[in-house]
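Breakdown of the fold
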Amino acid sequence: QVQLVESGGGLVQAGGSLRLSCAGSGGIFSNYAMGWFRQAPGKAREFVATITWSGGSTDYADSVKGRFTISRDNAKNTVYLQMNSLKPEDTAVYYCAAILSLISRLYTYPYEYSYWGQGTQVTVSS
C-alpha cells in the first residue's frame with residue numbers, strides 16, 4: 001500500500017511560482033509512474049502532468065505546457081511539480097497519484113491511478 005503526501009501549496013499572485021512536492025512511502029517508489037491532477041470547485045478532476053517510473057518521459061495538459069515541469073527523485077521517494085507563470089485559472093486542489101508501472105507508458109486519466117494523496121490547495125490571485 002502506497003501512501004502519498006503533497007505539500008507546497010499556498011497563495012500566490014498571478015505570474016508567480018510554486019513548487020509542489022509529493023512524498024511516497026509504503027512501496028518501492030521507483031516502481032510507480034506518477035501523475036499530478038487538479039480539481040477546481042464545481043469541476044471534474046483534470047490531468048496536469050505525468051512522469052514515467054524512470055523520469056525518462058513526461059506529458060502535460062495543453063493548459064500548462066511550457067509553464068509547469070514535473071520531475072522526480074527516486075532516491076528521495078518524491079515527485080515534484082514546478083509551476084511558473086501561474087494564472088488565476090490554475091487555482092485548484094492539486095493531487096498526486098501513483099500507478100504501479102515499469103513500462104515507459106504515460107497515464108493521463110484519473111481512473112488509471114491506484115493511489116492518491118490528500119491534495120494541497122493552490123490559490124492564484126489576480
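Relevant structure appears above.
Remember, it's a predicted structure, so these values are computed and weren't measured experimentally.

With that out of the way, let us pick up the overall build of the protein. A count of helical and extended segments in the protein gives zero helices and 11 strands. Across the protein, helices and strands are ordered from the amino to the carboxyl terminus as β-β-β-β-β-β-β-β-β-β-β. Here the protein has a C-alpha radius of gyration of 13 Å; the compact-globule value for 126 residues is 14 Å, and the two agree. Each principal axis of the C-alpha atoms in the protein carries an extent, and together these give about 40 × 25 × 25 Å. When the 126 residues of the protein are sorted by exposure, 43% land in the buried category. Taking the intrachain contacts of the protein between residues at least 6 apart in sequence as the baseline, contacts between residues at least 24 apart amount to 60%. If you sum the accessible surface of the protein, you get close to 6,100 Å²; carbon and sulfur atoms cover 49% of it.

Let's shift gears to the sheet that holds strand β3 (residues 18-25). Strand order in this open sheet of four strands is β1-β3-β8-β7, and the pairing throughout is antiparallel. Each edge of the open sheet is held by one strand with a lone partner, namely β1 (3-7) and β7 (68-73). Adjacent strand axes in the sheet meet at a mean angle of 15° when their direction is disregarded.

Where charged atoms from two side chains of opposite charge approach closely, those side chains can pair. Inspection of the entire model under this criterion finds five salt bridges. Ionic pairing is found between arginine 67 and aspartate 90, a salt bridge with its closest N-O pair at 2.7 Å. Taken as a pair, arginine 67 in the loop between β6 (58-60) and β7 and aspartate 90 in the loop between β8 (78-83) and β9 (92-100) lie far apart in primary sequence, 23 residues in all. Taken as a pair, arginine 67 and aspartate 90 share a single burial class, namely buried. Connected via shared salt-bridge partners are Arg38, Glu46, Arg67 and Asp90.

A word on the state of the cysteines. Here is the idea: a disulfide is a covalent bond, and it sits between the sulfur atoms of two cysteines. Per the stated rule, a full pass over the model turns up one disulfide. A sulfur-sulfur distance of 1.9 Å marks the disulfide that ties cysteine 22 to cysteine 96. An S-S torsion of about 45° defines the bridge between cysteine 22 and cysteine 96 as right-handed. One end of the pair, cysteine 22, is in strand β3; the other, cysteine 96, is in strand β9, with 74 residues separating them in the sequence. The same class applies to cysteine 22 as to cysteine 96, namely buried.

Right, let's talk about the nonpolar core for a bit. By size, the foremost hydrophobic cluster in this structure holds 35 residues, and its most contacted members are Met34, Trp36, Leu81, Met83 and Tyr94. When contributions to this core are tallied by element, the ones reaching two or more residues are β3, β4 (32-39), β5 (46-51), β7, β8, β9 and β11 (120-125). Here this core takes six residues from β9, the largest share from any one element.

Turning next to the pairing of β3. Looking at chain direction, β1 and β3 are connected through five bridges and run antiparallel. Residue pairing across strands places glutamate 6 opposite cysteine 22, the latter belonging to β3.

Conventions used here
- Residues numbered from 1 in each chain as written.
- Predicted model: local features only at pLDDT ≥ 70, side-chain atom pairs only at ≥ 80, totals over all residues.
- Heavy atoms only, no water.
- Helix = DSSP H or I, 4+ residues; strand = E, 2+ residues; numbered from the N terminus.
- Rg over C-alpha atoms; globule rule 2.2 N^0.38 Å.
- Buried < 20%, exposed > 50% of the residue type's maximum accessible area, 1.4 Å probe, protein only.
- Contact = heavy atoms within 4.5 Å.
- Areas by Shrake-Rupley, 256 points an atom, 1.4 Å probe, with all protein chains shown as cover.
- Pairing = 2+ DSSP bridges.
- Axes fitted to C-alpha atoms, helices over the stretch in contact; angles between N-to-C directions.
- Salt bridge = Lys/Arg side-chain N within 4 Å of Asp/Glu carboxyl O.
- Disulfide = S-S within 2.5 Å.
- Core = buried A, V, L, I, M, F, W, Y, C linked by side-chain atoms within 4.5 Å.

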